[in-house]
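Close look at the chain arrangement
Residue-level listing of the chains:
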Amino acid sequence: MYLHPILEGLEHCFSLFYPNLCLVCESKKPTRGEIICFSCQHKLPKTDFHLDPENALIERFWGRLPLHAATSLFYFIKGGRAQQLIHQLKYNHKPAVGMRFGQTYGSILKDSPLFQSVDCIIPVPLHPRKQHQRGYNQSETFARGLSMSMGKPHYPHALERLTFTQTQTRKNRIERMNNVMEAFRLRSGKALEGKHVLLVDDVVTTGATLEACGMQLLSVENLTLSLATIGFASG
Ligand SMILES: [Zn+2]
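In what follows, the accompanying structure is described. (Residues numbered from 1 in each chain as written. Predicted model: local features only at pLDDT ≥ 70, side-chain atom pairs only at ≥ 80, totals over all residues. Heavy atoms only, no water.)

1. A closer look at the overall build of the protein
Of regular secondary structure, the protein possesses 9 helices and 6 strands. Taking all 235 residues of the protein together, 45% fall into the buried category. Taking contacts inside the protein between residues at least 6 apart in sequence as the whole, the part at least 24 apart equals 73%. (Helix = DSSP H or I, 4+ residues; strand = E, 2+ residues; numbered from the N terminus. Buried < 20%, exposed > 50% of the residue type's maximum accessible area, 1.4 Å probe, protein only. Contact = heavy atoms within 4.5 Å.)

Listed below in structure tokens is the structure:
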């Protein structure tokens with residue numbers, strides 16, 4: 001079919017946000033305005049952690065970070081649907097995944113007693129060089145979606161990442177831990193005094209990155225800290 005170049009450009013823009021095929025199964029068509037198909041939407045493994053104040057995510061931070069609340073949208077299982085979704089977000093240039101799921105989850109969290117008092121949202125930052133390579137910060141896209149539906153500001157530059165870590169395979173666990181603890185710096189602490197901050201990331205595994213960012217934030221006077229991630233890798 002012939003399309004005028006302008007229309008072709010519009011079609012291209014539209015398909016960046018609303019793909020022709022579901023971003024999870026890559027076979028069925030999503031309904032207009034969605035990025036995944038109806039069937040995948042229902043099969044994504046939701047945690048419902050926001051309904052449980054003592055869930056497996058908050059337990060992971062016991063003795064490490066004093067948290068008000070913590071939640072993840074999906075269980076992240078190797079080879080599963082949530083992994084496919086996060087792969088699209090991180091490696092396949094699909095920032096719309098973070099935005100869309102941020103918006104959806106934010107509309108749930110804003111009515112949840114555990115998250116109602118959140119004042120602002122801060123994403124785990126990427127090193128500027130990494131962000132330049134990827135074109136965006138995947139955690140920031142999630143933060144932005146949450147911010148839109150929760151009606152709270154998000155501050156993508158509140159934390160900064162100081163080290164550019166390509167690969168850490170040669171370091172042992174303790175060295176890696178020390179590395180990550182020193183990797184972040186808080187830029188604007190004063191404005192966060194007395195606030196309830198929701199720190200967000202794409203996936204939580206060991207929790208070392210969120211712990212390092214959380215420690216920086218908790219250096220601010222009277223700051224209350226909560227966490228939200230898209231994926232939760234258990235075990
Ligand atoms: Zn699908």
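2. Some remarks on the sheet that holds strand E1 (residues 69-75)
The strand order across the open sheet formed by 4 strands is E1-E6-E5-E2, and the pairing between neighbours is parallel. Among the strands making up the open sheet, the edge pair consists of E1 and strand E2 (120-123). Sheet twist, expressed as the mean angle between neighbouring strand axes with direction ignored, is 20°. (Pairing = 2+ DSSP bridges. Axes fitted to C-alpha atoms, helices over the stretch in contact; angles between N-to-C directions.)

3. Some details on helix H7 (residues 138-150)
With 13 residues, H7 extends 19 Å between its outermost C-alpha atoms, agreeing within 8% with the 18 Å of an ideal straight helix rising 1.5 Å per residue. All buried positions along H7 are accounted for by Gln138, Ser139, Glu140, Thr141, Phe142, Ala143, Gly145, Leu146, Ser147, Ser149 and Met150. Where H7 is buried, its residues touch helix H4 (81-91), helix H5 (96-109), E2, helix H6 (128-134), strand E5 (196-204) and strand E6 (224-232). Gly151, located one to two residues past H7, shows a positive phi value of around 70°. (Expected span 1.5 Å × (residues − 1).)

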